[in-house]
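# Analysis of the macromolecular model
The primary structure of each chain is shown beneath.
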Amino acid sequence: MGKLGKKARKFAKKNLQSVLKRQRKVKSFFKKKASKRDGRAQAEDSDGEREEKYSGRNNEVEDFKDISLDIVFGEDDSDMDGDDSDSDGYLSEDTSCSYNGETRIENHLEEYNGGGDLSVQNKEIHLELAKKMKRLNNLKAKDPEFAKFLESSKEHLQTLRDEENYSDEEESDEDGRESTNKMGNLSSSTVDSLCELVKEQNNVPAFVRLLNGYRAACHYGSESPTIVEDSHTFCKILTFMLHEADNIFRKILGISGSNDRKEAILELKNTSKWKTLKPVVKSYLRSTLFLLNEVTDSQILAFALTRLKASIVFFAAFPPLLGRLIKISVHLWATGKGTLSACSLLIIKDVAVVFNSNCFETCMIKAYKAFIDHCKFVDPVLFKHQQFLKSSFIELCSQDLQKAYSKAVVSIQQLAKILQLGLRTKKEAVKKICSWQYANCVDLWVAFISLNIHDYDLQPLLYTIIQIINGVAVLFPGPRYMPLRVKCIQWLNTLSESSGVFIPITSLVLDILEYKIGKESSKPGKDFSFSSAVKLPKHWLKSRNFQDECVFSAIELLAVHFAQWSYHISFPDLATIPLIYLRKFYETTTIESLRRVVKRFIDQVEQNIEFVRKKRDEVTFSPNDQQSVESFLQLEKCGGNAPFTKYYTSVIEKAGSRNLLMNGKISSLEQKKSKGKRQQTPKNAIKVDLAVNAEGNSH
């Protein structure tokens, strides 16, 4: 047998089993002979290839971890929530003392200025001790047994309390601070006399004593020994300090009441007046923040916030307290109602204006996270408050639209990322998209874009959010997701109206009319609010109410869409295909009430088509004349003379009344159910439930 040619050898090498088997044996032989280092390197190479090969799968795992809507902003977006290491104890009422334990520590540190590394080291030690003190206080508050253990070792506790309150070793007692007994209890008459001294003579020692009483009042109930005798004295101290503290601070420092510039405080930072007054101001601010964090009565909270608003400029000297103020205000804004939520919003807006830059971003991010956390569910009761949260957040964003735009880009990109995972049929992402939390985020940015697109260039955001909305509508085409689909079409109509950009929604609306109804369609279903659901229960798909809702929703959505373009020169062409589908639906449906609604809509659209055609036949300009096309029927539009305008108004009014009627029925049913449960519940259980609900609402 002759020698194989080149092509034959190449074929044998690739295809013959004996050749492949011999090659595998040779490779395994050389693998055994290879060194350990070569083997390790080979393993690393193979791992690298495997990682490259399955990099898409690993990225998907990482994507599931980042599926949260607010994860793009991170955990801590500002350094303002730093450790506030100074004490929150009582101030010294000794007139010979400058009652500024903080300044003594600062002066002690300033002695080392110019000492290089020694000064830096001392400051680091001081901050480290302060952090440990704060942790110790938290442990004592959480674990009473740990506090008893500390009391058993008085000498060690003496040192810790001395460091916490920055008091002199000679003047400190066994507890490391002046006892409340030494300061004396404050009665109602004593408070009245102290208030007169402060008002008439600006008496500083009297003001310090009142401030200690204010601190005790703010901590009333959280500390066992207190210098406030009764509730009447408690109210007097709180009212006086909240009313007068800011004016007294400004008189001593020489700052006018209208001066809300943070530079006014920063310029006084090195003066003797400020060094003397700093612990007093700080005690007032800290006590007020403690009060806001502990009190549950909305009227007291609203009053305290209103008065604290006048003193926002003083927070410039205390960044940790400023961070705490933002956190508390955002929480009260999101959880409070009515006046309390409005007062909290004013605090947030003032902080964003006075401290701008980083503070604005902190306020916006915290408000956005709070909005997301409190919009996971929607019902007729919560809807009004959630609308307030949305509008007030947009109002906050309008104070610095450039920074708000950058945050909006990040948030909308996260929405798009979750949608991409959902389109790849990832269950976690689909579940996240089909939720009120995702829908409310989209609704928030739709409102933001609609409000500002005329004054600012928001076209990139507009096109991105349109793609997201269309993607959500495509992802959930079934009849059970009709409420979410209707919401998507409403968003597109809103964006189209505000931007003037034509957004096609006809195909999405006509799909709603094609939903098939079961044989039980003649039976009415249970009362159900479409405005509080993104997904329908299965039993509703066979009810007469579902078919009615499909037709009414389609007519309302098309009416909004046509009303926007009813004066446009292309309206006859725009309405042609929808009319064909509606005529077909009119011929096939057997329910007379629905036939009347569809017939009236068809007649009104046809009248408007004739109206536009007559005007269009009279024009002399070319279709290429864009300016003339845009000005077509503008005078008629301003006057509202088109036949479709009045019809559109009546449709919207009926839609509003229908939603109110449905929500009213649902709320009445819920009230009846709750009354029935109350009748079955014992009186003692009612008291327990009320206490639990009150405690839950306070959090």
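These figures come from a predicted structure and were not determined experimentally. As a convention, each chain's residues are numbered from 1 in the sequence order in which they are written. With the structure being a predicted model, the display of local features is reserved for residues of pLDDT at least 70 and the display and counting of side-chain atom pairs for 80 or more, all residues being used for whole-chain, interface and lining totals. For side-chain calculations, the full set of non-hydrogen atoms in the structure is used, while hydrogens and water are omitted.

### Overview of the overall build of the protein chain
The line we're drawing: Working definition: helices are DSSP H or I runs of at least four residues, strands are E runs of at least two. Numbering for both runs from the N terminus. The buried label goes to any residue with under 20% of its type's maximum accessible area, the exposed label to any with over 50%, and the partly exposed label to all in between, with areas taken from a 1.4 Å probe on protein chains only. Two residues form a contact once any of their heavy atoms are found within 4.5 Å. Methods summary: accessible areas were calculated by the Shrake-Rupley approach with a probe of 1.4 Å, and residue burial reflects only the protein chains presented.
For the protein chain, the count of helices and strands is 32 helices and 0 strands. For the protein chain, the proportion of its 699 residues judged to be buried stands at 41%. Long-range contacts, defined here as pairs at least 24 residues apart, represent 72% of the contacts in the protein chain between residues at least 6 apart. Accessible surface computed for the protein chain: about 39,500 Å², of which carbon and sulfur atoms make up 52%.

### Observations concerning the packing of helix H24 (residues 506-513) against helix H27 (residues 576-588)
To keep things clear, this is the line we draw: To obtain an axis, a line is fitted to C-alpha atoms, over the contacting stretch when the element is a helix, and the angle between two such axes runs from 0 to 180 degrees between their N-to-C directions. Each angle gets one of four labels, with under 35 degrees taken as roughly parallel, over 145 as roughly antiparallel, 65 to 115 as roughly perpendicular, and the rest as oblique. Residue classes follow a fixed rule: Ala, Val, Leu, Ile, Met, Phe, Trp, Tyr, Cys and Pro count as nonpolar, while Asp, Glu, Lys and Arg count as charged, and any other residue, Gly among them, counts as polar.
Taken N-terminus to C-terminus, the directions of H24 and H27 make an angle of 5°; their axes are 11 Å apart at the nearest point. One way to sum up the angle between H24 and H27 is to call them roughly parallel. Seen from H24, the contacting residues are Thr506, Leu510 and Leu513; seen from H27, they are Pro578, Tyr581, Leu582 and Phe585. Looking at the contact of H24 with H27, its residues break down into 6 nonpolar, 1 polar and no charged.

### What about empty space enclosed by the protein?
Using the following cut-off: For cavity detection a 1 Å grid was placed over the protein atoms alone, and a set of points counts as a cavity when a 1.4 Å probe fits there but cannot get out; an open set counts as a pocket when protein lies on both sides within 12 Å along at least five of seven lines, with lining residues being those that have an atom within 4 Å of a point. Grid points are joined across faces, edges and corners, and a volume is the space filled by probe spheres set on the points.
Here the structure, examined in full by the defined rule, presents 1 cavity of 30 Å³ or more. The volume enclosed by the largest cavity comes to roughly 30 Å³. Val198, Asn202, Asn203, Val204, Phe207, Ile248 and Ile252 together form the lining of the largest cavity. Those elements giving two or more residues to the lining of the largest cavity turn out to be helix H11 (204-218) and helix H12 (231-253). Considering only residue class, the lining of the largest cavity consists of 5 nonpolar, 2 polar and no charged.

### Considerations on a nonpolar patch on the surface
Heads up, the condition is: Like-charged residues within 9 Å of one another, or nonpolar side chains (Val, Leu, Ile, Met, Phe, Trp, Tyr) within 5 Å, are grouped into patches, provided each residue has over 30% relative accessible area and no salt bridge. In the sections that follow, a salt bridge refers to a side-chain nitrogen of Lys or Arg positioned within 4 Å of a carboxyl oxygen of Asp or Glu.
There is a patch of nonpolar side chains on the surface, built from Ile577, Ile580 and Tyr581 and spanning about 310 Å² of accessible area. When you line up the elements, Ile580 lands in helix H27.

### Here we look at the packing of aromatic side chains
Rule in force here: Put simply, two rings from Phe, Tyr or Trp (the six-membered ring, in Trp's case) pair if the centres are within 6.5 Å, and we call them stacked under 30 degrees between planes, edge-to-face over 60, tilted for the rest.
In this structure the tally under the stated criterion is 15 aromatic pairs. Seen from their ring centres, Trp274 and Phe318 are 6.0 Å apart, and the 35° between their planes marks the pair as tilted. With Trp274 in helix H14 (residues 272-294) and Phe318 in the loop between helix H15 (298-309) and helix H16 (319-335), this pair connects stretches of sequence that are 44 residues apart. According to the relative accessible area criterion, Trp274 is buried, its value standing at 1%.

### As for H15
Let me state the cut-off plainly: Between the first and last residue of a helix there are one fewer steps than residues, each counted as 1.5 Å, and that sum is the expected span.
For H15, with 12 residues, the first-to-last C-alpha span of 16 Å sits near the 16 Å given by 1.5 Å per residue. Burial in H15 covers these residues: Leu301, Ala302, Ala304, Leu305, Arg307 and Leu308. On its buried face, H15 is in contact with H12, H14, H16 and helix H17 (339-373).

### Description of the confidence of the model for the protein chain
How we decide: Known as pLDDT, the predictor's confidence for each residue is given on a scale from 0 to 100.
The predicted model of the protein chain averages 75 in pLDDT, with 67% of residues at 70 or higher. Note on residues 95-118: pLDDT under 50 across the span, and 35 contacts to partners over four residues away in sequence or across chains. Segment residues 159-182: pLDDT under 50, and 42 contacts once partners within four positions in sequence are set aside and those in other chains are kept.

### Considering the packing of helix H19 (residues 401-423) against helix H22 (residues 459-475)
For the record, the criterion: In a left-handed crossing the near helix is turned counterclockwise from the far helix by less than a right angle, and in a right-handed crossing that turn is clockwise.
Running from amino to carboxyl end, H19 crosses H22 at an angle of 25°, the nearest separation of the two axes being 10 Å. Considering their axes alone, H19 and H22 lie roughly parallel with respect to each other. As H19 packs across H22, the resulting crossing turns out to be left-handed. In this structure, H19 uses Tyr405, Ala408, Val409, Ile412, Leu415, Ala416, Leu419, Gly422 and Leu423 to contact H22, whose residues at the interface are Pro460, Leu461, Thr464, Ile465, Gln467, Ile468, Gly471, Val472 and Leu475.

### So, the nonpolar core
Selection criterion: Here the nonpolar core consists of buried residues drawn from Ala, Val, Leu, Ile, Met, Phe, Trp, Tyr and Cys, with membership extended through side-chain atoms lying within 4.5 Å.
The biggest cluster of nonpolar side chains holds 172 residues, and the ones touching the most others in it are Trp445, Phe448 and Ile465. With 19 residues, H17 is the single largest residue contributor to this core.

### Thoughts on the state of the cysteines
Cut-off, in case you're wondering: Counting rule for disulfides: a pair of cysteine sulfur atoms within 2.5 Å.
This structure, assessed with the given rule, holds 0 disulfides. Between Cys441, a cysteine without a disulfide, and Cys375, which holds the nearest cysteine sulfur, the sulfur-to-sulfur distance is 8.0 Å.

### Regarding the side chain of Ser450
Test applied: Whenever two N or O atoms come within 3.5 Å, that pair is a polar contact, provided that in protein one can donate a hydrogen and the other can accept it, and provided that, for residues adjacent in sequence, both atoms are side-chain atoms.
With respect to the helices and strands, Ser450 occurs in helix H21 (residues 436-452). A polar contact is formed between the side chain of Ser450 and the backbone oxygen of Val446, at a distance of 2.7 Å. At 3.4 Å, the side chain of Ser450 forms a polar contact with the side chain of Ser498. Non-local contacts of Ser450, meaning those with residues more than four positions away in its chain, are made with Thr494, Leu495 and Ser498.

### Describing the pattern of salt bridges
For the coordinates displayed, the defined rule picks out 11 salt bridges. The partner of Arg595 in a salt bridge is Glu592, with the nearest N and O atoms 3.7 Å apart. Taken together, the positions of Arg595 and Glu592, both in helix H28 (residues 592-618) and 3 residues apart, correspond to about one turn of that helix.

### Describing the environment of Asp192
Along the chain, Asp192 turns up in helix H10 (residues 188-201). Sequence separation of Asp192 and Thr233 is 41 residues, and the distance between their C-alpha atoms is 9.3 Å. A distance of 2.7 Å separates polar atoms of two side chains, one belonging to Asp192 and the other to Lys236.

### Focus: the side chain of Ser435
Position of Ser435 among the secondary structure elements: in the loop between helix H20 (427-433) and H21. In terms of polar contacts, Ser435 uses its side chain to reach the backbone carbonyl oxygen of Lys432, at 2.5 Å.

### Some points on helix H23 (residues 482-499)
Each α-helix turn comprises 3.6 residues. Residues three or four places apart therefore point the same way. Over its 18 residues, H23 runs 26 Å from end to end, which matches the ideal 26 Å to within 8%, given 1.5 Å per residue. Judged by how many residues are buried, H23 sits mostly within the fold: 14 of 18 residues are covered. Backbone geometry just downstream of H23 places Gly500 in the positive-phi region, at approximately 75°.

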